[in-house]
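Residues per chain are reported as follows:
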2 protein chains.
Amino acid sequence: MPQHDSKDDLYFLPLGGSGEIGMNLNLYKSQGKWLMVDCGISFADSYLPGIDIIMPNTSYIEQRRDKLVGLIITHAHEDHVGALAHLWRRFRCPVYATPFTMIIIRLKLAEAGLLDEVPLIEVPLEGSVKVGPFAVDFMSLTHSIPEPNAVRINTTAGTIFHTGDWKLDPEPLLGEKTNAERMQQVGDEGVLALVCDSTNVFNVEASGSESKVRDNISQMLSSKKGKIFCATFSSNVARVDSLAQAAKKNGREVCLVGRSLKRNVAAAIEAGYLQDFPKLVDESDAGYLPNEKILYICTGCQGEARAALMRIAQGNNRDVTISRGDTVIFSSKIIPGNELPIGRLHNNLVEIGAEIITENDSFVHVSGHPGQSELSQMYDWIRPEILVPVHGELRHMVRQAEFGKSLGIKNTIVPQNGTLIRLSPGPAKIIEYIDTGRLALDGQFIIPAEDDAIVTRRRILYNGALVVSLVVDETGEFLATPEITNLGNPDAGTTPFEDTIIEAVFAAADKLTRKQRADKNKLAEAVRVNVRKAAKNYTFKETGPLTTVTVSQITKD
Amino acid sequence: MPQHDSKDDLYFLPLGGSGEIGMNLNLYKSQGKWLMVDCGISFADSYLPGIDIIMPNTSYIEQRRDKLVGLIITHAHEDHVGALAHLWRRFRCPVYATPFTMIIIRLKLAEAGLLDEVPLIEVPLEGSVKVGPFAVDFMSLTHSIPEPNAVRINTTAGTIFHTGDWKLDPEPLLGEKTNAERMQQVGDEGVLALVCDSTNVFNVEASGSESKVRDNISQMLSSKKGKIFCATFSSNVARVDSLAQAAKKNGREVCLVGRSLKRNVAAAIEAGYLQDFPKLVDESDAGYLPNEKILYICTGCQGEARAALMRIAQGNNRDVTISRGDTVIFSSKIIPGNELPIGRLHNNLVEIGAEIITENDSFVHVSGHPGQSELSQMYDWIRPEILVPVHGELRHMVRQAEFGKSLGIKNTIVPQNGTLIRLSPGPAKIIEYIDTGRLALDGQFIIPAEDDAIVTRRRILYNGALVVSLVVDETGEFLATPEITNLGNPDAGTTPFEDTIIEAVFAAADKLTRKQRADKNKLAEAVRVNVRKAAKNYTFKETGPLTTVTVSQITKD
């Protein structure tokens, strides 16, 4: 029996979200049972060509799914819930969430045809639930979506306070302000490990309040004459409400543009939020209102090509147009990596003659993650024995560990995806490195990020490909001119690319002995090596194209 | 004769750098002759897969090269000089530059085997030169490289003040402070058009002084115990000197790591700069010094995979290693679009246990481009009739035009690559849109950015490719099993991908009439359409793979 399988031990194993911002998936083990917290996606970068969505590789827990007692979704952001519908069939367990999150989960499962299969347990706000050996208390925090929950996970070996994503908003506009007494009480009752959001640890100052954003935008609108467009994150329902209320106060009607925005607003209303939300105007009617009477709330604050704002800016929305003198407010942050598409969108808007207002110009956005002063407050409340920073790249997590230490937390441990950490009995320690990795959504398939299909596309991206098809008789004599398929090699030399390759085919074949030549595999390999070299010499790239040679051997009768 | 061909007119035509930050190439026309100012490269984004370097398409001036009297390089940054060696053969004209820039130009031309072909005219600092009908005065400004020049271009139709890249450094550490009297005099003598750097127009404050950076870094070093690594832009010779002087002051030897750094320092010394530069320690010797006695200056501040700092951080430099307790100073800005590679490098360094200091933590970098207060000073000096913002994306240029207007400049015109602007006789006006575009360096070839090779690679990146090779007789009957080459399609369904495709080949062939089938082109097209559809249905992607079908028709005897 491995060292780490004692029933009285408590373990933490992140499979995603530790060492990256995105695709959170955390596992806790107590009494031989596993509890999953969150199951999110992330967005791929150019290293995975043709891939948008990536997910944690769950094979470790799939192999132990009989021991997996449940999955808790802390809140409805994609990096916490987005992989559920894609991966659930692999581990099949009951799913727990609060009402708003559950509405979003149901929509996702319905789309995937899974709604009838997944056992869903709705937990009320501030509710408690027993999941196998884990006694889980949901506690409302504040963030940038309705119903962000921390979970206190009580086990026989100690208590974990898993924050999820959070901030301290002194005046939240949706949901309650964080209950300081309750947090203090959690600390009084004793917490072994605080597993805590590291996203904004480099920010010295606190994140700020949503109500200040609302006031500022409302005031800003009063001087504007043209149409107003506001882009924000569609799940930030409080912000959407802020924008709508600011519109109302300034005599403007509100129109939502973008599917995910409408979906989130509908979900929030269904969950009992947005009681004062103004009646909406339809896209097709909004154009008939005077310019100074309309405010559009749009998806696409990150410059996404297919989202509402980019489509409007490029003239691809039938009903909604931006014109000279209109104002576009980016009530959002620039997510690192999105600078170029956002810059492109700004240029489109400038070309139209619209005024652009971003968080660099005015107080139109607050973050949903804790800065140092908020982290410090959390440490004071919770007073954990161990601080486990998660939800960050390595540099964020290491920084939070340092910060926690500087404020007197004695034990800190920085996880990475795949580190199996024993939290108790102490001291906290990495006892095993589990093979993890990423899965990628490629068309309809979920494949490993290192799958042939992706590796092949990446190789072609740099070096192009080349396919040579040969037809030979039993002796290896050519029965037809070799067919050359050039995929992405520049054909720009003094000799045409194809001629160069055909010459290399013949040269390779001529060098073989009669016996070698009659062997179609030997012939294919000799030709492959030689044409690849010829193509490399032709293009002068570091590596030759991805080269395939097929040989059809025809027996003449 | 087109409207814009009058000899007494003065024209401005940017082919690169207007509507983007990078690949500057500007053309002026007077008395029927053209003058080129700068000839730079830019770096490609993921829209051009496998391409690093792009350049302006110069075909417009190639067609008029008998009228091109010369090329002035304002300074030696890659976005101003980098395309010279690649493109010069296309337009062949004399090249003018000041001594430091000329050393860099000679190195580049020598590498390209062009040194003996290109007529080079070295112009002294503050020198003047007559280039065809253009009387050109070089005037030293300050920037982030030695010898940044503005050029005053005097023509029969008026005077242009083309700033190049500049800032106002009150205490530059290399070269002279901007001569305010001379600038004032330029304004007194009359300027028709100010063609001006827009890069930092969104910065309200001035860029700041290099000497402050030097002082701060020097002070910072005094408390450090381990090895120090400083990454900066290799052409920023003043910064390299700042780092070296700070090292000297703190009793540390200096070692340069990275080819371009060594090259720039050597060029600066050859041009008479860096008189006090400390004697350098070789990479292979530096490791023998105590940690607190060495400071490495490295290339790779943008997280470039092959540059010195990343290679050291990944343990790929034989002689130089970073260890726990060392300090890495990024004496540089984050160029938008480079956030992800820089973040990756930071994570590598954090994993090692090095301390990272960036411009967010301390005053370790100043920009080389003018903020609003510096622009305002320039307008006061030059008092142009027309302001022409360049060196910016559209949003930067439009903002500078607004800013200039707000300060009383009556005429502003925002160019784009390819806009032929008549500056005189006024009013300034775009009179023609010239087809421009970009060239890409692909291996050894310079090809249009929209070349088949690049478009093909981009298509494969998203959709994969598929090549089907058929062998048939004169009637179209198959003589061999179809050969399927799958390039980047996920083979993850219940049926193998290849089986699905072969089935689609047969199905397509079976549907043809005997006559159609005997026609190899008809057969190929029918199979192509059907296998592409089958592949699309298999992967469930929006578009099927890039599909090629080759048919070898064998006549049986």
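Residues numbered from 1 in each chain as written. Chains lettered and ligands numbered in written order. Predicted model: local features only at pLDDT ≥ 70, side-chain atom pairs only at ≥ 80, totals over all residues. Heavy atoms only, no water.

### Regarding the overall build of chain A
The condition is simple: Counting from the N terminus, the helices are DSSP H or I runs at least four residues long and the strands are E runs at least two residues long. Relative accessibility decides the category of a residue: with a 1.4 Å probe and only protein chains considered, values under 20% of the type maximum give buried, values over 50% give exposed, and everything between is partly exposed. Whether two residues are in contact is decided by their heavy atoms, any of which lying within 4.5 Å being enough. Accessibility throughout is a Shrake-Rupley quantity obtained with a 1.4 Å probe, and a residue counts as covered only by protein chains that appear here. Positive charge is attributed to Lys and Arg, negative charge to Asp and Glu, and no charge count is given to His or to the chain ends. Here the site of a charge means atom NZ of a Lys, CZ of an Arg, CG of an Asp or CD of a Glu.
When helices and strands are counted, chain A shows 17 helices and 27 strands. Expressed as lengths along the three principal axes of its C-alpha atoms, the size of chain A is roughly 90 × 70 × 45 Å. Looking at chain A as a whole, 58% of its 557 residues are labelled buried. Relative to all contacts within chain A whose residues are 6 or more apart in sequence, the contacts with residues 24 or more apart total 71%. Split by element, the accessible area of chain A, about 22,400 Å² in all, is 47% carbon and sulfur. On chain A, the mean spot of the 59 positive side-chain charges and the mean spot of the 69 negative ones are 2 Å from each other.

### Remarks on the relation of the copies chain B and chain A
The following threshold applies: Residues below a pLDDT of 70 in either copy are left out; the C-alpha atoms of the rest, at least 70 in both, set the least-squares superposition of the copies.
Least-squares fitting of chain B to chain A yields an RMSD of 0.1 Å, with the transformation described by 0.0 Å of translation along the axis and a rotation of 180°. When the rotation and shift are considered jointly, the pair of chain copies conforms to a two-fold rotation axis. Interface residue correspondence from chain B to chain A reaches 100%, placing this contact among same-surface, isologous pairings.

### Quick word on the interface of chain B and chain A
Rule in force here: Here the buried area means the combined drop in accessible surface, using a 1.4 Å probe, for two parts upon being joined, counting both sides. Any carboxyl oxygen of Asp or Glu that lies within 4 Å of a side-chain nitrogen of Lys or Arg is treated as forming a salt bridge with it. Polar contact criterion, stated in full: a pair of N or O atoms within 3.5 Å, where within protein one must be able to donate a hydrogen and the other to accept it, and residues adjacent in sequence count only if both atoms are side-chain atoms.
Listed per partner, the contact involves 60 residues of chain B and 60 residues of chain A. Together, the buried faces of chain B and chain A total about 4,800 Å²; carbon and sulfur atoms form 64% of this surface. It is B:Arg395, B:Phe445 and B:Leu487 in chain B that bury the most area against chain A; as a group they hold 11% of the surface buried on that side. The tally of links from chain B across to chain A stands at 6 salt bridges. The residue A:Asp45 makes a salt bridge to B:Arg344 at a minimum N-O spacing of 3.0 Å. Linking chain B to chain A there are 23 residue pairs in polar contact (both at pLDDT 80 or more). Listed by contribution, the elements that provide at least two residues to the side of chain B that touches chain A are α11 (339-352), α13 (394-406), β24 (445-448), α14 (452-463), β25 (465-472), β26 (483-487), α17 (520-539) and β27 (546-553) of chain B.

### Section: the sheet that holds strand β3 (residues 33-37) of chain A
Residue and element names in this part refer to chain A. Stated precisely, the cut-off is as follows: Pairs of strands are assigned from DSSP output, requiring at least two bridges between the strands. Note on geometry: axes are C-alpha line fits, over the in-contact stretch for helices, and angles between N-to-C directions span 0 to 180 degrees.
Spatial strand order, β8-β7-β6-β3-β2-β1-β21-β22: 8 strands in an open sheet with mixed pairing. Each having just a single partner strand, β8 (120-122) and β22 (429-433) make up the two edges of the open sheet. Here the strands of the sheet are splayed against their neighbours by 25° on average, with no regard to which way each runs. Examined bridge by bridge, β3 and strand β6 (residues 68-72) share 4 bridges and lie parallel to one another.

### Things to note about the environment of B:Ala157
All names here are of chain B. If you trace the backbone, Ala157 turns up in the loop between β11 (149-155) and β12 (158-162). Here the alpha-carbon distance between Ala157 and Leu192, two residues 35 residues apart in the chain, equals 8.8 Å. The contacts of Ala157, once residues within four sequence positions are left out, are Asp8, Asp9, Leu10, Leu192 and Ser424.

### Some thoughts on the confidence of the model for chain A
Close inspection of predicted coordinates is inappropriate in any region flagged by low pLDDT. This is how the line gets drawn: Per residue, pLDDT measures the predictor's confidence, with a range of 0 to 100.
Residues with a pLDDT of 70 or more make up 99% of chain A, whose mean pLDDT is 95. Across the interfaces of the predicted complex, the ipTM metric reaches 0.91, alongside a pTM of 0.92.

### Description of unusual backbone geometry
With an omega dihedral of -5°, the bond running from A:Ser424 to A:Pro425 counts as a cis peptide bond. As for its placement among the helices and strands, A:Pro425 is situated in the loop between β21 (419-424) and β22. Here the phi dihedral of B:Arg92 falls at roughly 40°; this positive angle occurs in a residue that is not glycine. Along the chain, B:Arg92 falls in the loop between α3 (84-91) and β7 (95-97). Residue class for B:Arg92 comes out partly exposed when judged on its relative accessible area of 36%. For B:Glu147, which is not a glycine, the phi torsion comes out positive at approximately 60°. Among the secondary structure elements, B:Glu147 is positioned in the loop between β10 (134-140) and β11.

### Let's talk about the domain arrangement of chain A
For an interface, size is often stated in terms of accessible area lost upon the parts coming together. The condition that has to hold: Start and end points for every domain follow an automatic or database-based domain assignment.
Looking at chain A, the domain boundaries give domain 1 (10-205 + 367-448), domain 2 (210-357) and domain 3 (464-554). The C-alpha centroid of domain 3 of chain A is placed 56 Å from the C-alpha centroid of domain 2 of chain A.

### Quick look at the packing of helix α15 (residues 497-510) of chain B against α17(B)
Residue and element names in this part refer to chain B. Quick note on the threshold: Each crossing gets its handedness from the near helix: less than a right angle anticlockwise from the far helix is left-handed, clockwise is right-handed. Here the term charged refers only to Asp, Glu, Lys and Arg, the term nonpolar to Ala, Val, Leu, Ile, Met, Phe, Trp, Tyr, Cys and Pro, and the term polar to all other amino acids, Gly among them.
Taken N-terminus to C-terminus, the directions of α15 and α17 make an angle of 145°; their axes are 8 Å apart at the nearest point. Read as a crossing pair, α15 and α17 show a hand that is right-handed. Of the residues in α17, those in contact with Phe497, Thr500, Ile501, Ala504, Val505, Ala507, Ala508 and Ala509 of α15 are Leu523, Ala526, Val527, Asn530, Val531, Ala534, Ala535 and Tyr538. The residue inventory of the contact of α15 with α17, partitioned by class, reads 14 nonpolar, 2 polar and no charged.

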